[in-house]
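# Reading the structure
Each chain, written out:
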Amino acid sequence: MAPASNKVTFRFAVVEHIMGGLMANSEQSQTISQEILAFEEEHSTGVAESAVTVARRVRFWPHFFSHEWASAALYLLLDVVTWLAIYRLVGWFRYDAFYATPFQFFIINLIQLGVIVAALYFIGGYDRTVEKLTLGYAAEHILAIIAAGVVSAMLIYSAATFDQTMKPSRGVLLLSFAIFLPASLAYRRWIRQYVVTSSAGRSFLVIGGGARAARFYEAYKNSPNEQPLEFVDANEKRVGRPIAGKGSPIVQGNLEAKLNNPRYGGIILAERASSLDIELLERLVRAQFQQTRVYTLESFYETHWRYLPLGIVDPFWPLQTGFQLARISPYHYLKRLFDVAASATALVLCAPLFVLIPPFIWIEDGSPIFFRQERVGRDGRRFILCKFRTMHLRPDEPDEDIYTRKDDRRVTSVGRWLRKLRLDELPQLWNALKGDISLIGPRPEWSKCAERYEQTIPFYHFRHLVKPGITGWAQVNYPYGESDEDAVEKLKYDLYYIRHYSLKLDAMIVLKTLYTMLFGKGR
């Protein structure tokens, strides 16, 4: 309050001097004027400095989040700090310190944090392009933290069997994860909301005004992305035209000036690199490393939408670098080992269901209990897939619909429940144990449909580069197919899976599959 009081006192003093100055000489009046100017200048300087400081603070966060790594770094920092604080406080309140030394405390927290970070990494918890404001992500986040809690408990209790000084507390572990779960989800939603809000005004600059750019615009318009698009083309003939008909953005010129503008959230190259001059390509390379992210159409689709557009696939696509599908890949053999162990375990655990389900099928629609059909596997190999029968037994009809549609009359009452709970898939565990399919991969297609698709859908045969699976990337990201158009859309996700074949992607599919089963999604 002192500065304000001094300021008021000075104001009154100035008024008194002015009143007295009406009768004073000009020299005194000049002195008073200089004092007033000096005070106003000092006050203005202070206000200006304060405004600059505030402006710098305001600009810091948008600038920070403009970096690709910023969100991930902040998420990781908050995860580490939050977990350590929660775990220490819970242990202190419950008087449960089951570590004898600080080194034990460090090792225990290192294990738990490692498991937590791995679980969240698998569901895209550190990926800035993953939408974290949806109920779907919230469910996956919950499942990931629960899985991390289970794995952490197994590791810690296993370590305690070798070190008798450790006395693990189930209460501390359970309560810590219970508190960390909503906290970690809350600040992820807050940061994501801030990133979305701060980047809403930053357009994507799309280089290109031809057919490829128009197709991209149509796909972007139907996507959840909200950032505006600006189209620019070096070809003057395309400048001034709408990119995709009336109401769509106008293709602009002056490419050089736009590349120098730092306000764009990213640059998307919607032209083939071979059609661009060397100078422009060099500018884009510099922008990628110094200014902003530059996407090809392929990398934008993969990064933001997690599928691969068929328009950019060519016969040499599998020969590109980065594929992990070589037979000498260690993960190829690790995945087969996991398939054997998991399917054998699941068959044992689900044995009671193999006893309970057949009577219900038989009572409603008689035998056979199992549905057998020829499917296409890896490298085009044919095999017989086995499932619980969910449709009425009918003779084959040439004009019968090959797709199972919503509320299909051919599906039995028992079959409807089996499909909803995914229990009709259980016999496929035997196919996975034999090696016909994997637990995770593209859907094993009926040979009749596969032959049809290979004739009508370009590069459909690429999906046979991997083993089909009971669940897969297309199954958890796209609704049940009911048309040839759906088969095309699902192929985009299958190609993404083939391109990014990895442990991380398989773990994401497992978590999404659990979410689908628990919340009754899909058919």
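Report on the accompanying structure. (Residues numbered from 1 in each chain as written. Predicted model: local features only at pLDDT ≥ 70, side-chain atom pairs only at ≥ 80, totals over all residues. Heavy atoms only, no water.)

Below, the discussion takes up the sheet that holds strand β6 (residues 382-388). Within the open sheet, the three strands sit side by side as β6-β5-β8. Their pairing is antiparallel. The outermost strands of the open sheet, each flanked by one partner alone, are β6 and β8 (445-446). With two bridges joining them, strand β5 (residues 370-376) and β8 adopt antiparallel strand pairing. By the bridge assignment, Val376 is partnered in β8 with Glu445. (Pairing = 2+ DSSP bridges. Helix = DSSP H or I, 4+ residues; strand = E, 2+ residues; numbered from the N terminus.)

Looking now at the environment of Gly209. Mapped onto the elements, Gly209 comes out in the loop between β1 (204-207) and α7 (211-221). Note: C-alpha distance between Gly209 and Val232 (23 residues apart in sequence) is 6.8 Å.

All chains considered together, the criterion is met by 28 aromatic pairs. Between Phe216 and Phe300, the aromatic rings sit 5.3 Å apart at their centres with planes inclined by 85°, giving edge-to-face as the arrangement. Of the two residues, Phe216 sits in helix α7 while Phe300 sits in helix α10 (residues 297-305), which places them 84 residues apart along the sequence. For the pair shown, Phe216 and Phe300 are each scored as buried. Judged by centre distance (5.7 Å) and plane angle (25°), the ring pair of Trp473 and Tyr496 falls under stacked. Here Trp473 is found in helix α16 (residues 473-477), whereas its partner Tyr496 is found in helix α17 (residues 484-499), with 23 residues between them in sequence. (Phe/Tyr/Trp six-rings, centres within 6.5 Å; stacked < 30°, edge-to-face > 60°. Buried < 20%, exposed > 50% of the residue type's maximum accessible area, 1.4 Å probe, protein only.)

Take a nonpolar patch on the surface next. Together, Phe103, Phe106, Ile107 and Leu110 make up an exposed nonpolar region whose accessible area comes to about 410 Å². If you trace the backbone, Leu110 turns up in helix α4 (residues 102-122). (Patch = residues over 30% accessible without salt bridge, like charges linked within 9 Å, V, L, I, M, F, W, Y side chains within 5 Å. Areas by Shrake-Rupley, 256 points an atom, 1.4 Å probe, with all protein chains shown as cover. Salt bridge = Lys/Arg side-chain N within 4 Å of Asp/Glu carboxyl O.)

A word on helix α18 (residues 503-518). For α18, spanning 16 residues, the distance from its first C-alpha to its last is 23 Å, which sits close to the expected 22 Å at 1.5 Å a residue. Considered for burial, the residues of α18 that qualify are Leu505, Asp506, Ala507, Met508, Ile509, Leu511, Lys512, Thr513, Tyr515 and Thr516. (Expected span 1.5 Å × (residues − 1).)

Turning to its location among the elements, Ile179 is positioned in helix α6 (residues 170-199). For the pair Ile179 and Thr82, spaced 97 residues apart in the sequence, the C-alpha separation amounts to 9.7 Å. With sequence-adjacent residues up to four places away left out, Ile179 is seen in contact with Ile86 and Val90. (Contact = heavy atoms within 4.5 Å.)

On to the packing of α7 against α10. Between α7 and α10, the least distance of the axes is 12 Å, while the angle of their chain directions is 10°. Considering their axes alone, α7 and α10 lie roughly parallel with respect to each other. Each of Arg212, Arg215, Phe216, Ala219 and Tyr220 in α7 lies in contact with α10, whose residues at this interface are Leu297, Phe300, Tyr301 and Trp305. Looking at the contact of α7 with α10 residue by residue, the classes come out as seven nonpolar, no polar and two charged. (Axes fitted to C-alpha atoms, helices over the stretch in contact; angles between N-to-C directions. Parallel < 35°, antiparallel > 145°, perpendicular 65-115°, else oblique. Nonpolar A, V, L, I, M, F, W, Y, C, P; charged D, E, K, R; others polar.)

Let's shift gears to the pattern of salt bridges. Inspection of every chain in the model, using the stated rule, returns 20 salt bridges. Taking the shortest distance from any N to any O, the salt bridge between Asp127 and Arg306 comes out at 2.6 Å. Of this pair, Asp127 sits in the loop between α4 and α5 (135-162) while Arg306 sits in the loop between α10 and α11 (330-349), placing them 179 residues apart in sequence. Connected through shared salt-bridge partners, Asp233, Arg238 and Glu271 make up one network.

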